[in-house]
Amino acid sequence: YMSFLETQLERVTATCHTVNSYSSRLDQIHDLLADQASKIAGAAKLAKIAQSFAEQVEDEQKKFKQLYASKFQRLDESVATSLDVHQKMLNRLEKLENHCKDSDRLVLDTEERMSLALSRHNVLVEEKL
């Protein structure tokens, strides 16, 4: 009977070692799972931060585009207005140039008439002398 009990004790002891081994493995797995859960939580937090940052950058880009789009639009309008003013000035200068040409023609015509009248006058004066 003693030998039976010793065999039973050895089996129980072996079973206890096996249970301790499984318990140790389960503790290791539990620690690994806790570590993985912590890493996943950290990664999720980083993903949220990255998404928030991306949204901020996108908002800033939209503001930048709106700001400079309106500035470029105002600049374009200013350039268009300046071009209109310059075109009006060019048209006015062209009119003045044409007026000057007309005036030059009139002056030349008047000089010719005066020259002709003076030569007629000189001829008349010489004839009277």
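Above this text sits the structure in question.
Residues numbered from 1 in each chain as written. Predicted model: local features only at pLDDT ≥ 70, side-chain atom pairs only at ≥ 80, totals over all residues. Heavy atoms only, no water.

## Considering the overall build of the protein chain
Within the protein chain, the secondary structure is distributed over one helix and zero strands. Expressed along its principal axes, the backbone C-alpha trace of the protein chain runs to roughly 185 × 15 × 10 Å. In the protein chain, which comprises 129 residues, the share counted as buried stands at 0%. Within the structure as shown, the protein chain displays about 12,300 Å² of accessible surface, and the carbon and sulfur contribution to it stands at 61%. In the protein chain, the 18 positive side-chain charges and the 21 negative ones have mean positions that sit 4 Å from each other. (Helix = DSSP H or I, 4+ residues; strand = E, 2+ residues; numbered from the N terminus. Buried < 20%, exposed > 50% of the residue type's maximum accessible area, 1.4 Å probe, protein only. Areas by Shrake-Rupley, 256 points an atom, 1.4 Å probe, with all protein chains shown as cover. Lys, Arg positive; Asp, Glu negative; His and termini not counted. Charge placed at Lys NZ, Arg CZ, Asp CG, Glu CD.)

## Re the pattern of salt bridges
If you walk through the whole model with that rule in mind, you get four salt bridges. Put simply, Asp35 and Lys39 hold a salt bridge, and the shortest N to O gap is 3.6 Å. Here Asp35 and its partner Lys39 are both found in helix α1 (residues 2–128), four residues apart, which amounts to about one turn of the helix. Close ionic contact of Glu58 with Lys62 constitutes a salt bridge, the shortest N to O distance being 3.8 Å. With Glu58 and Lys62 both in helix α1 and four residues apart, the pair spans about one turn of that helix. On the accessibility criterion, Glu58 (42% relative accessible area) is partly exposed. (Salt bridge = Lys/Arg side-chain N within 4 Å of Asp/Glu carboxyl O.)

## Thoughts on a nonpolar patch on the surface
Among the surface-exposed residues, Phe64, Leu67, Tyr68, Phe72, Leu75, Val79 and Leu83 lie close enough to one another that they form a single nonpolar patch of about 700 Å² accessible area. Checked against the element boundaries, Phe72 lands in helix α1. (Patch = residues over 30% accessible without salt bridge, like charges linked within 9 Å, V, L, I, M, F, W, Y side chains within 5 Å.)

## Description of the packing of aromatic side chains
For any pair of aromatic rings, geometry is given as the distance between the ring centres together with the angle between the planes. All chains considered together, the criterion is met by two aromatic pairs. Ring geometry for Phe64 against Tyr68: centres 4.5 Å apart, planes inclined by 50°, an arrangement best described as tilted. Here the residue Phe64 and the residue Tyr68 both occupy positions in helix α1, the gap between them amounting to four residues, near one helical turn. Among the residues examined, Phe64 registers a relative accessible area of 51% and is labelled exposed. Tyr68 sits in the partly exposed class, given a relative accessible area of 33%. Stacked on the ring of Tyr68, the Lys or Arg Lys71 has its end atom at 5.2 Å from the ring centre. (Phe/Tyr/Trp six-rings, centres within 6.5 Å; stacked < 30°, edge-to-face > 60°. Lys NZ or Arg CZ within 6 Å of the ring centre and 35° of its normal.)

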